[in-house]
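Coordinate inspection notes
So you can see what is in the structure, the chains are spelled out below.
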Amino acid sequence: MSQASWGPVVGVVDSVLDRLDTITDDAVARIRTELADFALVPYDEHREAVREQLRRRLIAFGERRTWDQDDLGEVRALARRRARQAIALDVVIRAYHVGDRELWRHLSAAPGEVQKLLPELASLMLESLQSVTSTLALAHGSETRARDRVQMAVSQRLIDLLNTDARGAEAARLAEYLGFDSARPFVGLAYARKRGESDSAVEPGPHFADGLVIARGGIGAVQVVVIQAHDNSIAQVVESLATAAFRVGIGSGHPGVDGAARSLRQAQLALSATSARNAVSRFDDDWLINCVMSLADLLDDDVYHAAEIADAHPSLRETVAAFAAADMSITQCARTSHLHANTVVYRLGRWRELTGWDPRTFSGLTRSIAACALADSRTIPPTQ
């Protein structure tokens, strides 16, 4: 086909270029309607990028060619920018498709001789789109990996600062960089493998959903997370960790980086009270046991002796725990444990005979609960 025969396409391209601003507005509106992630991109910046994409596409059509290296350089720059804005690769690619679709609608509607040239025009569009897609993938992937490495380094540095008393302004700057809002509560999580399960024996590690404001790192052998999210999202994270065979300690929510440090410490204390029987511990629910278990190495021998009794007599241990959960009510304990009230009384009395502690008194019950928790935790390695 001679160059002169491409004249009808050149004419249509010039006509479309004259209407480029209107076509750009329509394309941007469609992209932002169909792809909600682009709400993260400022409108003026987004419009300028789409206009440049369509302009380059039209010029290439007018010159009867696919996109050249200069065009693809612009694609690479845009891919890196979108990766930094946390726009997923598939969303970026789909946005190009939306722009091309809008452009094709105008080109294909032109009457006259250009209709005979539409197959070749479509071939040029598809060939260019293949080059664009591969260029987007390479550039976006490279930028994403680099960003993830930076995020990991910043996250670990923030965790290190939160685990010390010398947090200062640096911790606040790092938290802001990661997307945290200092006015909202920070929640700390600490997690470790269950005893007897190596990393190769279970899932390779936890995956956290996109969209969470999160910092991950390690403190010794314990993995920790600081997170800001709705309660339901935090519950989903905890559930995913427990499903992946982790024990999980959960701190309370506190605002500010000092609050984040406090919640992280609470999470580590809560983790020390978890066990094979109780894989998840919330500090605000179990704070008394959490504090006791964090200092287990300082407990007197009578507590360890009671823990051995609890370990040897699981039915007594379960009844003591159920009695505490029933607010020291024999009737309620019997109902929830599916036991006769006399059986509950007998077991509590038997516990008193063996340990010397009366679980029907406040002092005796708190000591007994600590011993039962110690019996559970003795089957797992220390977390610090």
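Remember, predicted model here, so these are calculated numbers, not experimental data. (Residues numbered from 1 in each chain as written. Predicted model: local features only at pLDDT ≥ 70, side-chain atom pairs only at ≥ 80, totals over all residues. Heavy atoms only, no water.)

**Here's the deal with the overall build of the chain**
Helix and strand counts for the chain come out as 15 helices and six strands. Computed over C-alpha atoms, the radius of gyration of the chain comes to 32 Å, more than 25% over the 21 Å expected from 2.2 N^0.38 for 384 residues, which places it beyond the range of a compact globule. The dimensions of the chain, computed from C-alpha atoms along their principal axes, are 105 × 50 × 35 Å. A buried classification covers 46% of the 384 residues belonging to the chain. Partitioning the contacts of the chain with sequence separation of at least 6, the portion at a separation of at least 24 is 70%. Each charge class in the chain can be summarised by its mean position, and for the 43 positive and 50 negative side chains these summaries are 2 Å apart. (Helix = DSSP H or I, 4+ residues; strand = E, 2+ residues; numbered from the N terminus. Rg over C-alpha atoms; globule rule 2.2 N^0.38 Å. Buried < 20%, exposed > 50% of the residue type's maximum accessible area, 1.4 Å probe, protein only. Contact = heavy atoms within 4.5 Å. Lys, Arg positive; Asp, Glu negative; His and termini not counted. Charge placed at Lys NZ, Arg CZ, Asp CG, Glu CD.)

**With respect to the UniProt feature "domain: PucR C-terminal helix-turn-helix" (unreviewed entry) in the chain**
When the UniProt feature table is mapped to this numbering, "domain: PucR C-terminal helix-turn-helix" (unreviewed entry) covers residues 316-371. The span residues 316-371 shows a helical share of 77% and a strand share of 0%, and its end C-alpha atoms are spaced 12 Å apart. (UniProt positions renumbered as here; feature names shortened; annotations may be inferred.)

**Structural notes on the pattern of salt bridges**
Opposite charge on two side chains allows them to pair when their charged atoms are near. In the structure shown here, the tally under the stated rule is 24 salt bridges. A salt bridge links Arg147 to Asp148; the nearest nitrogen and oxygen atoms lie 3.7 Å apart. As a salt-bridge pair, Arg352 and Asp358 come within 3.6 Å of each other at their nearest N and O atoms. What you see here is one network of salt bridges that share partners, running through Glu52, Arg55, Arg56, Glu63, Arg65, Asp68, Asp70 and Asp71. (Salt bridge = Lys/Arg side-chain N within 4 Å of Asp/Glu carboxyl O.)

**Points about the layout of surface pockets**
When its volume is computed, the second largest pocket comes out at roughly 650 Å³. Lining of the second largest pocket is provided by 23 residues; of these, Asp286, Ile289, Ala321, Ile369 and Ala373 occupy positions nearest its centre. At the level of secondary structure, the elements contributing two or more residues to the lining of the second largest pocket comprise strand E6 (280-282), helix H10 (283-294), helix H12 (314-325) and helix H15 (362-377). When residues of the lining of the second largest pocket are assigned to their parent elements, the largest contribution, seven residues, is made by H15. In terms of residue class, the lining of the second largest pocket is built from twelve nonpolar, five polar and six charged. (1 Å grid on protein atoms, 1.4 Å probe; cavity = no way out; pocket = protein on both sides within 12 Å on 5 of 7 lines; lining within 4 Å. Points joined across faces, edges and corners; volume = space filled by probe spheres on them. Nonpolar A, V, L, I, M, F, W, Y, C, P; charged D, E, K, R; others polar.)

**Examining the UniProt feature "domain: RsbT co-antagonist protein RsbRD N-terminal" (unreviewed entry) in the chain**
Taking the UniProt record as the reference, the feature "domain: RsbT co-antagonist protein RsbRD N-terminal" (unreviewed entry) is found at residues 21-151. As a span, residues 21-151 carries 82% helix and 0% strand, and end to end its C-alpha atoms are 38 Å apart.

**Considering the domain arrangement of the chain**
In terms of domain boundaries, the chain breaks down into domain 1 (6-147), domain 2 (177-293) and domain 3 (296-377). Put simply, the middle of domain 1 and the middle of domain 2, counted by C-alpha atoms, are 44 Å apart. (Domains from an automatic or database assignment.)

**Some details on the pairing of strand E3 (residues 222-228)**
Counting buried positions over the seven residues of E3 gives six, a clear majority of the element. One ladder, built from five bridges, connects strand E1 (residues 185-193) with E3; its direction is antiparallel. Counted as the bridge partner of Gly188 is Val226 from E3. Two strands pair when backbone bridges link them, and strand E2 (residues 213-219) and E3 are joined in this way by seven bridges, in the antiparallel orientation. Of the residues in E3, the one forming a bridge with Val213 is Gln228. Count of turn residues in the E2/E3 antiparallel hairpin: two residues, of which Gly220 carries a positive phi of about 65°. (Pairing = 2+ DSSP bridges.)

**Let's talk about the side chain of Ser128**
Along the polypeptide, Ser128 turns up in helix H6 (residues 114-162). Those residues in contact with Ser128 that lie beyond four places of it in its chain are Arg57, Thr66 and Trp67.

**Quick notes on the nonpolar core**
Among the nonpolar cores identified, the biggest contains 43 residues, and Phe38, Phe61, Tyr96, Leu107 and Leu136 are the most heavily contacted of them. Mapped by element, the contributors of at least two residues to this core are helix H1 (7-18), helix H2 (20-34), helix H3 (43-62), helix H4 (69-84), helix H5 (89-108) and H6. It is H6 that contributes the most residues to this core, nine residues altogether. Membership of the second largest hydrophobic core comes to 27 residues, among which are Val303, Leu316, Ile330 and Ala373. (Core = buried A, V, L, I, M, F, W, Y, C linked by side-chain atoms within 4.5 Å.)

**Considerations on the confidence of the model for the chain**
The predicted coordinates ought not to be read in detail in places where the model reports low pLDDT. Across the chain, the average pLDDT comes to 88, with 93% of residues at or above 70. In the predicted structure, residues 379-384 sits below a pLDDT of 50 and forms 14 contacts with residues beyond four places in sequence or in another chain. (pLDDT = per-residue confidence, 0-100.)

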